[in-house]
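Listed below are the residues making up each chain.
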Amino acid sequence: MTTPTLHIDATGPVARVTLNRPEVRNAFNDAVIAELTAAFTQLGAREDLRAIVLAAEGKAFCAGADLNWMKAMAGYSWEENREDAQRLADMLWTIYRCPLPVIARVQGDVYAGGVGLVACADLVVSVASAGYCLSEAKLGLLPATIGPYVVKAIGERQARRYFTTAERFDAATAQRLGLVHELVANAEALDAKVAELTAALCANGPQAVRACKRLALDLGDRPITDELRADTARRIADIRASSEGKAGVQSFLHKTPAPWL
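What you are looking at is a predicted structure, and each value in this text was computed from that prediction instead of being measured.

Engineer: Any chance you could explain the pattern of salt bridges here in plain terms?
Structural biologist: Think of it this way: side chains of opposite charge can pair up when their charged atoms draw near. If you walk through the whole model with that rule in mind, you get 18 salt bridges. A salt bridge links D84 to R87, with the nearest nitrogen and oxygen atoms 3.6 Å apart. One end of the pair, D84, and the other, R87, are both in helix α3 (residues 78–96), three residues apart, so they sit about a helical turn from each other. In this structure, the salt-bridge partner of R105 is D191, at a minimum N-O distance of 2.7 Å. Within this pair, whereas R105 is found in strand β5 (residues 102–106), its partner D191 is found in helix α8 (residues 187–202), the two being separated by 86 residues in sequence. Counted as one network, the salt bridges with shared partners bring together R97, D218, D231, R234, R235 and D238.

This is the structure we're talking about:
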């Protein structure tokens, strides 16, 4: 399926959502935001899918805000700016909280809001040649809507540096900061690593993978309280008692293939 800004392939267990505006370095505008929100909402609700790969066409993964969109925003009132920013914030939240694991396949440069997309993904594979930049301060702006996800990915102290300097950093630094999980040499290796990760996800219990993602998101930086310990005990009891959990344990004990394979 192709929309004006995206190409979506959901014919197998792993869906692929590809930013399809290479002529503007896959920059955001209101259409991109609306279509990404709709795509991740709809795909995340599908029980037959196991993961989503977020990719991009062309030399850049995402260059942040589209120039023409920025020109239009220059004439917005405060309320129009707030509403516009809220739609972007809602899109990022939809990707971040998508029930399915999201893998970002980064084949080129990532700037501004594009860094937010990467930070929202659960797994990030990047070519070594990609450059990264939280460039908002260069324009007299700030990375507000993407900020919560970037801080979660790289930590508050590193965010203080890269938010304020707006300096470009390479993919090796992005990996060291925690923004990128896997670094590869070229596009061929990029696809091989993405395929390896999706195969690993598909080898696991579908409901268990979703529950594992929710667990990691919900734990975050929460203190280990009596309430939290009770919550985690309830979660493991729920999945042990589920049909998938029972089948998976029996398959392990009897050395037979799990039913979802």
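Further notes follow.
Engineer: Would you mind showing me how to read the pairing of strand β1 (residues 6–9) here?
Structural biologist: Looking along a regular strand, one sees the side chains alternate between the two faces of the sheet. The alternating pattern of β1 places L6 and I8 on a buried face and H7 and D9 on a face that is not buried. Both β1 and strand β2 (residues 14–19) contribute to a ladder of four bridges, which runs antiparallel. Of the residues in β2, the one forming a bridge with I8 is V17. The turn joining β1 and β2, which pair antiparallel and follow one another in sequence, is formed by four residues.

Engineer: Hey, could you run me through the nonpolar core in this one?
Structural biologist: Soluble globular proteins tend to bury their nonpolar side chains together. With 67 residues, the main nonpolar core has L36, L117 and Y132 as its most contacted residues. If one sorts the elements of this core by residue count, helix α1 (residues 30–44) sits on top with six residues.

Engineer: Whenever I open this one, the packing of aromatic side chains confuses me. Can you help?
Structural biologist: Note on aromatic pairs: each is described by the distance of the centres and the angle between the planes. For the coordinates displayed, the defined rule picks out four aromatic pairs. Ring plane angle 15 degrees and centroid distance 5.9 Å describe the contact between Y132 and F169, whose orientation is recorded as stacked. Of this pair, Y132 sits in strand β8 (residues 131–133) while F169 is found in strand β9 (residues 168–170), placing the two residues 37 residues apart along the sequence. As far as burial versus exposure is concerned, Y132 and F169 are alike and both buried. Plain terms: the ring middles of Y162 and F169 are 4.7 Å apart, the flat faces sit at 55 degrees to each other, and that makes the pair tilted. Among the residues examined, Y162 registers a relative accessible area of 3% and is labelled buried. By relative accessible area, F169 is classed as buried at 6%.

Engineer: How should I be thinking about unusual backbone geometry in this particular structure?
Structural biologist: Backbone phi values are negative for most residues with the exception of glycine, while trans is the configuration of most peptide bonds. Residues other than glycine seldom take positive phi values, yet R25 does so here, at roughly 55 degrees. For R25, the location among the structural elements is in the loop between β2 and α1. Since its relative accessible area comes to 37%, R25 is described here as partly exposed. In this model, A166 sits at a positive phi of 55 degrees, which is unusual for a non-glycine residue. Locating A166 in the fold gives a position in the loop between α6 (156–165) and β9. Relative accessible area serves as the criterion here: at 1%, A166 is assigned to the buried category.

Engineer: Would you explain the state of the cysteines in this entry?
Structural biologist: Among covalent bonds in proteins, the disulfide is the one between the sulfur atoms of two cysteines. If you walk through the whole model with that rule in mind, you get zero disulfides. Not part of a disulfide, C120 finds its nearest cysteine sulfur in C98, a span of 11 Å. Of the residues examined, C120 reaches a relative accessible area of 1% and is grouped as buried. Here C212 is not disulfide-linked; the sulfur of C202 is the nearest cysteine sulfur, at 14 Å.

Calculation criteria
Residues numbered from 1 in each chain as written. Predicted model: local features only at pLDDT ≥ 70, side-chain atom pairs only at ≥ 80, totals over all residues. Heavy atoms only, no water. Salt bridge = Lys/Arg side-chain N within 4 Å of Asp/Glu carboxyl O. Helix = DSSP H or I, 4+ residues; strand = E, 2+ residues; numbered from the N terminus. Buried < 20%, exposed > 50% of the residue type's maximum accessible area, 1.4 Å probe, protein only. Pairing = 2+ DSSP bridges. Core = buried A, V, L, I, M, F, W, Y, C linked by side-chain atoms within 4.5 Å. Phe/Tyr/Trp six-rings, centres within 6.5 Å; stacked < 30°, edge-to-face > 60°. Disulfide = S-S within 2.5 Å.

The values are spatial; any link to function lies outside them.
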